Amino acid sequence: MPLVTLKELMKDAEAKRYAVGAYNVINLEMIRGIIAGAEEARSPVILSFAEVHIPLVPLEVIAPIILAAARQARIPVAVHLDHGQDHEILIRAMQLGFSSVMFDGAHLPLEENIRQTNEISKIAKALGVSVEAELGKILRPEGGGAEEEIEEYDPDDVYTNPQEAQTFIAHTDVDALAVAYGTAHGVYLTEPVLDFERLKLIKELTGLPLVMHGGSGLDEAAYITSIQCGIRKLNYYSNMAHEVANTLQAKLAANSAQQHKSYYHDISRWAMEAVQQDIVRTMRIFGSAGQA
Ligand SMILES: [Zn+2]
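- An unreviewed UniProt entry annotates the protein chain as Class II fructose-bisphosphate aldolase originating from Paenibacillus tritici.
- The UniProt entry for the protein chain carries the following text under Cofactor (unreviewed entry): "Zn(2+)".

Given below as structure tokens:
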């Protein structure tokens, strides 16, 4: 199955009203566990690498591995750069063969976000790469402060403004739009309140495939309603990372309780299997299982 663009994946998801999971990867176990999960569920998938994870593994090292795994997969895979802010890194990802990039200009004033999104989009379109943009503030920054309390806020100040979204898409050429309607990056400490009416209105006004960031650990109904309202790409990482760590902890503890020795290659295999299991579960909820 060839490497595909986000645009291609979004076309089918839009037509059949499901969401494709975008899973952040930082190592081989995650890459292989996710592909195995997607093949088991017969689901399209997005392998995502976040700019904030570059200190863990250089882009030039992990990119060829992600791309090789994607090209060998039996299901369609898009390879995506998550939360790209540095233009140089976005361009490097495209040169390395990523089929999709996210330019995160959500912290910028609207006009500047439009200007910089267009700068990236122009290069991406020339190379046949898809573009995701972001509007509104997703609670808690990507990759950091995962356990911090979310401070009091006024939804109108932080959530995506539907009229601004309409203006944004009229002046840009993007394939998907990340929106803020109450989700947060990291693991949830309290039950989030999601603004579905806002989400529906944004969908109506833009007609674009919408992206949920902070898709970890919501209840099943929140995912399903979000997808009914127009979410087509669902970023999911923290919960998976946490589940895998818990599994490894339990297995290592069980081994030492039985006086068995543990070896790193066992840990590697357990990690892959734990990723696969969690991924298959999410693909069934997102409706992408059986679509590839
Ligand atoms: Zn995000």
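Past the structure itself, the notes keep going.
1. Details of the nonpolar core
Consideration 1: By size, the foremost hydrophobic cluster in this structure holds 77 residues, and its most contacted members are Tyr 23, Ile 34, Leu 81, Val 101, Leu 177, Met 240 and Phe 286.
Consideration 2: Residue contributions to this core peak at 10 residues, all from helix H11 (residues 264-286).
Consideration 3: Among residues more than four places away in sequence, those in contact with Val 101 are His 80, Leu 81, Leu 90, Ala 93, Met 94, Ile 120, Val 129, Ser 130, Val 131 and Glu 132.
Consideration 4: In terms of nonpolar packing, the next biggest core, distinct from the first, is built from 14 residues, Leu 6, Ala 13, Val 20 and Ala 22 among them.

2. Considering the pattern of salt bridges
Consideration 1: Summed over all chains, the structure comprises 16 salt bridges.
Consideration 2: With its nearest N and O atoms 3.3 Å apart, the salt bridge here joins Arg 92 to Glu 88. With Arg 92 and Glu 88 both in helix H4 (residues 87-96) and 4 residues apart, this pair spans about one turn of that helix.
Consideration 3: Relative accessible area serves as the criterion here: at 24%, Arg 92 is assigned to the partly exposed category.
Consideration 4: For Glu 88, a relative accessible area of 47% puts it in the partly exposed group.
Consideration 5: With a closest N to O distance of 3.6 Å, Arg 269 and Glu 273 form a salt bridge. Taken together, the residues Arg 269 and Glu 273, both in helix H11 and 4 residues apart, mark about one turn of the helix.
Consideration 6: Look at Arg 269 and you get partly exposed, because its relative accessible area is 40%.
Consideration 7: Among the ionic contacts, a cluster of salt bridges with common partners joins Glu 14, Lys 203 and Arg 232.

Reading the values: the criteria
Residues numbered from 1 in each chain as written. Predicted model: local features only at pLDDT ≥ 70, side-chain atom pairs only at ≥ 80, totals over all residues. Heavy atoms only, no water. UniProt positions renumbered as here; feature names shortened; annotations may be inferred. Core = buried A, V, L, I, M, F, W, Y, C linked by side-chain atoms within 4.5 Å. Buried < 20%, exposed > 50% of the residue type's maximum accessible area, 1.4 Å probe, protein only. Helix = DSSP H or I, 4+ residues; strand = E, 2+ residues; numbered from the N terminus. Contact = heavy atoms within 4.5 Å. Salt bridge = Lys/Arg side-chain N within 4 Å of Asp/Glu carboxyl O.

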